[in-house]
Amino acid sequence: MSDWIDFTGKIVLVTGSSRGIGAGLVEAFNRFGARCVVNYVADPQGRNEAEARQVAAGLKNVLVIEADVSNPAAVAAMFDRVQRELGGLDILINNAGIIRDRSIKKISADDWNAVLNINLNGTFHCIQHASPMLRPGGRVLNLASVAGSLGLFGQASYASSKAAIMALTRVAARELARQQVTVNAIAPGFIDTDMTRAMPEEVAKKFLEQLPAGRIGKVGDIVDAALFLCSPHADYITGQVLHVNGGFHMAG
Ligand code: NAP
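Let me sum up the structure you'll find in this document. Since the model is a prediction, treat every value here as computed from it, not as a measurement.

### Thoughts on the overall build of the protein
Tallying secondary structure elements over the protein gives nine helices and seven strands in all. In summary, the protein has a C-alpha radius of gyration of 17 Å against a globular reference of 18 Å for 252 residues, a match within 12%. Taking the principal axes of its C-alpha atoms as reference, the protein extends roughly 45 × 40 × 35 Å. Scored against the burial criterion, the 252 residues of the protein give a buried share of 50%. Long-range pairs, those at least 24 residues apart, make up 75% of the contacts in the protein between residues at least 6 apart in sequence.

### With respect to the nonpolar core
Ranked by internal contacts, the top residues of the largest apolar core, which has 36 residues, are Phe7, Leu25, Phe29, Ile93, Ile186 and Leu227. Elements with a minimum of two residues in this core: strand 1 (11-14), helix 1 (20-31), strand 2 (35-40), helix 2 (47-57), strand 4 (89-94), strand 5 (134-143) and helix 9 (219-230). Among the elements that take part in this core, helix 9 stands out by supplying eight residues, more than any other. Ranked by size, the runner-up nonpolar core spans 34 residues in total, among them Leu13, Val69, Leu120 and Val181.

### With respect to unusual backbone geometry
Positioned with a positive phi, Asn61 is a non-glycine residue whose angle comes to about 60°. Looking at where Asn61 falls in the secondary structure, it is placed in the loop between helix 2 and strand 3 (63-66). One non-glycine residue, Gln180, lies in the positive phi region at around 55°. When you line up the elements, Gln180 lands in the loop between helix 6 (156-176) and strand 6 (182-188). The exposure class of Gln180 is partly exposed, given its relative accessible area of 49%.

### A closer look at the environment of Ala28
Within the secondary structure, Ala28 is located in helix 1. If sequence neighbours within four positions are ignored, Ala28 has contacts with Val223 and Leu227.

### Describing the sheet that holds strand 3
With parallel pairing, seven strands are arranged side by side in an open sheet as 3-2-1-4-5-6-7. Each end of this open sheet is capped by a strand with a single partner; those strands are strand 3 and strand 7 (241-244). Across the sheet, the axes of successive neighbouring strands diverge by a mean angle of 20°, strand direction being ignored. Note: strand 4 against strand 5, five bridges, orientation parallel. Across the sheet, residue Asn94 finds its bridge partner in strand 5, namely Asn142. Seen against the sheet, helix 1 touches strand 1, strand 2 and strand 4 and runs at an angle of roughly 165° to strand 2. The strands that helix 4 (residues 109-130) touches are strand 4 and strand 5; relative to strand 4, the one it contacts most, it runs at about 175°.

What counts as what
- Counting restarts for each chain: residues are numbered from 1 in the order of the written sequence.
- For this predicted model, a pLDDT threshold of at least 70 governs which residues receive local features, and a threshold of 80 or more governs which side-chain atom pairs are given and counted, while totals over whole chains, interfaces and linings are taken from all residues.
- To get the side-chain values, take all heavy atoms of the structure and skip hydrogens and water.
- Each helix corresponds to a stretch of at least 4 residues labelled H or I by DSSP, and each strand to a stretch of at least 2 residues labelled E; elements are numbered beginning at the N terminus.
- With the radius of gyration taken over C-alpha atoms, the globule rule is written as 2.2 Å times the number of residues to the power 0.38.
- Residue exposure (1.4 Å probe, protein chains only): buried if accessible area is under 20% of the type maximum, exposed if over 50%, otherwise partly exposed.
- Note on definitions: a residue-residue contact is assigned when non-hydrogen atoms from the two residues lie within 4.5 Å.
- Only buried residues count toward a nonpolar core, which is a set of Ala, Val, Leu, Ile, Met, Phe, Trp, Tyr and Cys residues joined through side-chain atoms within 4.5 Å.
- Pairing between two strands requires that DSSP report at least two bridges joining them.
- Throughout, an axis means a line fitted to C-alpha atoms (over the contacting stretch in the case of helices), and angles, computed between N-to-C directions, take values from 0 to 180 degrees.

Set out below in structure tokens:
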């Protein structure tokens, strides 16, 4: 990205930014001048906190906040703290997400609920609490997935959550337009992170064979799209889903 991207003075919160795409996003926004909030969810071993603190250690002027996005009270407390300590919000990126692939016949109610609760409900809670704080010129960016358009085998919960995020993106875009806030989604294809590294090797190989670009996506491919959509250059783009997938799916 060239120097026509500048987020100096902006406050950016990225959910699930202890690793993967989320960590790449806070690092990039911070590099281009933004003050960032790194969010993680606590686990009994303290691994997530350690990873979040490691991400923060490489950044300037950063706030680390623990909150499970599927818990509305925790989300409310996170945004209260952002308001109190940073004085407002310019960019919310709903990145936190999980995947629990099982065929419809085999998926448990617990797995179904966990995916919907974190991916979809978490995105909703964050938009709801962030909306009153977002300043004019603000941005909401949601991480959807190609699965939400294609409905890939074994991804009933994940694909449904991501398709719903696309619909929520369009509703929020209409509702927040009056406060000069745009709302868009990025639908990544197959990006090299812990999430895809956990896939069985034969599934990953099959994906790769279907990629016109001939390579798996990098975190930087998503970060570049996010920087553009959150910049003033994308002021007139709202309610859209940008597919970033190396040609795996070409939406009409
Ligand atoms: P990842 O490496 O598994 O990272 C997911 C992040 O979400 C982690 O930081 C995790 O935090 C956080 N998280 C999980 N549950 C949370 C909760 N309840 N509250 C707060 N944070 C939570 O995944 P990724 O590949 O970077 O994916 C990022 C986003 O892109 C997800 O929404 C994913 O669905 C989407 N996406 C990814 C791909 C891909 O190919 N990688 C493709 C399409 C869409 P902890 O470390 O604290 O658990």
